[in-house]
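Architecture at a glance
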Amino acid sequence: MPRLSEVIAALDALWPAERAESWDAVGTVAGDPDQQVTRVLFAVDPVQEIVDEAVKMGADLLVTHHPLYLRGTTTVAATHFKGRVVHTLIKNDIALHVAHTNADTADPGVSDALAGALDLRVTGPLVPDPTDPAGRRGLGRLCALDHPVTVREFAARAAERLPATAQGIRVAGDPEALVRTVAVSGGSGDSLFDQVRAAGVDAFLTADLRHHPVSEARAHSPLALLDAAHWATEWPWCELAASQLDEISDRHGWDLRVHVSKTVTDPWTAHAASPPSDPLGAPN
């Protein structure tokens, strides 16, 4: 059985901390480097529900995409929900490791997993990492479809293949327009509209799209926008990351048991569809 320090070294090779954004908080949050690791759980969010799942399955290491403390703290008292997470982890000898923006830009990374879930062929990064001579790392991915589909059909594909959430998939644009090329970015992506327009793709699928950036983007071009739940666009990475660790475990003879949490931690829990629109417009 490997020690935690050995497993973390393997994870750091996949997602080097120095490739994270300067504002980010990645790496090992809790854990004894000398403790043995036999079971690993991957999840998007380090929330209490996921930590309780790790305890129940007897995991020694929890790997999440989102940080527990992004802006630092002065206390880990159990009177606060993040403090309770820390207490539960330490009491049960569970280490926590975070791979966030360093996993976003990795090769393969979060957006590769998103493209794979949608059966898209990746042609390159949306925002290339200038330090990568191979031109494969970077934020987001540019993709092609094997055959054109309408925006409506592509949205239906996303709704079917991404994990189900209350939000589903929102669309801005002509539902009958044809889609041949797509940009995808797991997580919040409305800061990337300039790069998406410059790429000349037909559609952009991401999460957390806001009213004004979408309105302005639609005024600039006929680009179709598809807005999925943040959690749903990043969950496919957990399966990709788990398979990468499985391969490392097999190579080293570690015999790790690697799991992916299927617990939905998207914070939105219900959706009420609007009635058919009034042809006279919005209510007074």
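Summarised in this report is the structure supplied together with it. (Residues numbered from 1 in each chain as written. Predicted model: local features only at pLDDT ≥ 70, side-chain atom pairs only at ≥ 80, totals over all residues. Heavy atoms only, no water.)

Thoughts on the overall build of the chain
Within the chain, the regular secondary structure consists of 9 helices and 11 strands. On C-alpha atoms alone, the chain measures out to a radius of gyration of 20 Å, which is about the 19 Å that the 2.2 N^0.38 rule sets for 284 residues. Taken along the three principal axes of its C-alpha coordinates, the chain extends 65 × 50 × 30 Å. For the chain, the residues scored as buried account for 49% of the 284 residues in total. Element-wise, carbon and sulfur atoms account for 52% of the exposed surface of the chain, whose accessible area totals about 14200 Å². Counting 23 positive and 38 negative side-chain charges, the chain places the centres of these two groups 1 Å from one another. (Helix = DSSP H or I, 4+ residues; strand = E, 2+ residues; numbered from the N terminus. Rg over C-alpha atoms; globule rule 2.2 N^0.38 Å. Buried < 20%, exposed > 50% of the residue type's maximum accessible area, 1.4 Å probe, protein only. Areas by Shrake-Rupley, 256 points an atom, 1.4 Å probe, with all protein chains shown as cover. Lys, Arg positive; Asp, Glu negative; His and termini not counted. Charge placed at Lys NZ, Arg CZ, Asp CG, Glu CD.)

A look at helix α6 (residues 151–161)
Residues of α6 that are buried include every one of Val151, Phe154, Ala155, Arg157 and Ala158, and no others. For α6, the angular spread of buried residues about the axis comes to 155°, placing them on one side. (Arc of directions from axis to C-beta.)

Some words on the sheet that holds strand β3 (residues 61–64)
Judged by pairing direction, the sheet is mixed, and its 5 strands sit side by side in the order β1-β4-β3-β2-β11 without closing on themselves. Edge positions in the sheet fall to β1 (27–30) and β11 (257–260), since each of these pairs with one other strand and no more. Mean inter-strand twist for the sheet, computed between neighbouring axes without regard to direction, equals 25°. Bridge analysis of β3 against strand β4 (residues 95–98) gives 4 bridges, and the strand direction is parallel. Bridge pairing in β4 links valine 63 to histidine 97. Lying over the sheet, helix α1 (residues 4–14) contacts β1, β3 and β4, oriented at roughly 15° with respect to β3. (Pairing = 2+ DSSP bridges. Axes fitted to C-alpha atoms, helices over the stretch in contact; angles between N-to-C directions. Contact = heavy atoms within 4.5 Å.)

Focus: the packing of aromatic side chains
Per the stated rule, a full pass over the model turns up 3 aromatic pairs. With centroids separated by 6.3 Å and ring planes inclined at 75°, the aromatic side chains of phenylalanine 42 and tryptophan 237 adopt a geometry described as edge-to-face. One end of the pair, phenylalanine 42, is in strand β2 (residues 39–43); the other, tryptophan 237, is in helix α9 (residues 230–252), with 195 residues separating them in the sequence. Look at phenylalanine 42 and you get buried, because its relative accessible area is 0%. Here phenylalanine 193 and phenylalanine 204 contribute two aromatic rings whose centre-to-centre distance is 6.0 Å and whose plane-to-plane angle is 80°, an arrangement assigned as edge-to-face. Placement of the pair is phenylalanine 193 in helix α7 (residues 193–199) and phenylalanine 204 in strand β9 (residues 203–207), with a sequence separation of 11 residues. For phenylalanine 204, a relative accessible area of 0% corresponds to the buried category. Among the aromatic side chains, those forming a connected cluster through ring pairs are Trp15, Phe42 and Trp237. (Phe/Tyr/Trp six-rings, centres within 6.5 Å; stacked < 30°, edge-to-face > 60°.)

Brief notes about the sheet that holds strand β5 (residues 121–128)
Spatially, the 6 strands line up as an open sheet ordered β5-β6-β8-β9-β10-β7, and their pairing is mixed. For this open sheet the edge positions go to β5 and β7 (170–172), each flanked by a neighbour on one side alone. Here the strands of the sheet are splayed against their neighbours by 25° on average, with no regard to which way each runs. Pairing of β9 with strand β10 (residues 224–228), which is carried by 5 bridges, proceeds in the parallel orientation.

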